[in-house]
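Chains, contacts and geometry: an overview
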Amino acid sequence: MFEKLEAVEKRYEELTKLIAEPEIIANQTEWQKLMKEHASIEDIVLKFREYKKVKMAMDEAQELMQDAEMKELAEAEYIESKEKLPKIEEELKILLIPKDPDDDKNIICEIRAGAGGEEAALFAGTLFRMYTMYAEKKHWKLEVLNENETGLGGYKEISFMVTGKGVYSRLKFESGVHRVQRVPDTESSGRIHTSTATVAVLPVVEDVEIEINPADIKMEVFRASGAGRTTY
């Protein structure tokens, strides 16, 4: 694992130099590609450097434990560092797991009220507010694309785009049917009501440039040969 981590760190350092070169910056397509790769391995490198820092502190503390005057302080440092290492190792293993290619993409999310009438629409509104607050916490940008609001402040349906770092990786598992059981504001007798809402989360597809060879285009012209008749 550590050989792989050292190779990743080396590549990160190479990318750090490349993205600062004027020739690369002038080529925006190449620069954006390298910046994306740089960002994709940054968390791994930072965690690996944290591991090396803690490991070094542990080794230094172990040496200082031979000094009678520093032994007590060094032992405390050694124990603290030794306890940190297994947790950092586990975090590194998780970071090294291959990612979904779509994880860093922005998303379009659609929420639709399901079974439950007006209460389902209110539940859909609650879900939308939850995602709005979560996006604010993560410093993402949320833009409403379409909405069908009810009189009581709920939504029959609402769709919105969320842009930011790692949006799809955080929200992709939200897709599906969500259910709530509660005494709604629309219920006067105090009975528990079950309502559902569906959530669909889709990654935003990047624009793709397609080159079409004019030689591959076939033109056909159709003309009418008379009333109600067409010649092919």
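What you see is a predicted model; the values in this text were computed from it and never measured.

**Let's talk about the sheet that holds strand β2 (residues 141-149)**
Remark on secondary structure: sheet strands pair via backbone hydrogen bonds, oriented parallel or antiparallel. Strand order in the open sheet made by the five strands is β2-β3-β1-β5-β4, with antiparallel pairing throughout. Every interior strand has two partners, whereas the edge strands, β2 and β4 (176-182), have only one. Between one strand axis and the next, the sheet turns by 20 degrees as a mean value, whatever way the strands run. Lying over the sheet, helix α5 (residues 117-137) contacts β1 (107-113), β2, β3 (155-163), β4 and β5 (193-203), oriented at roughly 45 degrees with respect to β5.

**Considerations on unusual backbone geometry**
The bulk of non-glycine residues show a negative phi, and the bulk of peptide bonds are trans. At His139, a residue that is not glycine, the phi angle is positive and equals roughly 60 degrees. A relative accessible area of 73% means that His139 is categorised as exposed.

**Points about the environment of Glu83**
Tracing the sequence through the fold places Glu83 in helix α4 (residues 71-95). A relative accessible area of 59% places Glu83 in the exposed class. With 29 residues separating them along the chain, Glu83 and Val54 place their C-alpha atoms 9.9 Å apart.

**A short note on a nonpolar patch on the surface**
A cluster of nonpolar side chains, namely Ile210, Ile212, Ile217 and Met219, defines an oily patch on the protein surface of about 510 Å² accessible area. With respect to the secondary-structure elements, Met219 resides in the loop between β5 and β6 (223-226). Exposure remark for Met219: the relative accessible area of 73% places this residue in the exposed category.

**Regarding the environment of Leu18**
In this fold, Leu18 is placed in helix α1 (residues 2-18). For the pair formed by Leu18 and Pro184, sequence separation is 166 residues and the distance between their alpha carbons is 58 Å. Other than its neighbours up to four places away in sequence, Leu18 contacts Arg11, Ile24 and Leu34.

**Topic: the pattern of salt bridges**
Oppositely charged side chains can pair when the atoms bearing their charge come close. Tallying each qualifying case throughout the model produces 16 salt bridges. Glu37 is the partner of Arg11 in a salt bridge, and the nearest nitrogen-oxygen pair spans 2.9 Å. One end of the pair, Arg11, is in helix α1; the other, Glu37, is in helix α3 (residues 28-64), and 26 residues separate them in sequence. For the salt bridge of Arg112 with Glu157, the shortest nitrogen-to-oxygen distance reads 3.2 Å.

**Here we look at the nonpolar core**
Core analysis: the biggest nonpolar cluster contains 21 residues, and Ile107 and Ile111 have the highest contact counts within it. Where this core is concerned, the elements lending two or more residues are β1, α5, β3, α6 (167-171) and β5. Broken down by element, this core gets its largest block of residues, six residues, from α5. Excluding its chain neighbours within four sequence positions, the residues that come into contact with Ile111 are Ala124, Leu127, Phe128, Tyr131, Lys156, Glu157, Ile158, Phe160, Thr198 and Val199. Within the second largest apolar cluster, 20 residues are counted, among which are Leu5, Val8, Ile24 and Ile44.

Rules of the game
Residues numbered from 1 in each chain as written. Predicted model: local features only at pLDDT ≥ 70, side-chain atom pairs only at ≥ 80, totals over all residues. Heavy atoms only, no water. Pairing = 2+ DSSP bridges. Helix = DSSP H or I, 4+ residues; strand = E, 2+ residues; numbered from the N terminus. Axes fitted to C-alpha atoms, helices over the stretch in contact; angles between N-to-C directions. Contact = heavy atoms within 4.5 Å. Buried < 20%, exposed > 50% of the residue type's maximum accessible area, 1.4 Å probe, protein only. Patch = residues over 30% accessible without salt bridge, like charges linked within 9 Å, V, L, I, M, F, W, Y side chains within 5 Å. Areas by Shrake-Rupley, 256 points an atom, 1.4 Å probe, with all protein chains shown as cover. Salt bridge = Lys/Arg side-chain N within 4 Å of Asp/Glu carboxyl O. Core = buried A, V, L, I, M, F, W, Y, C linked by side-chain atoms within 4.5 Å.

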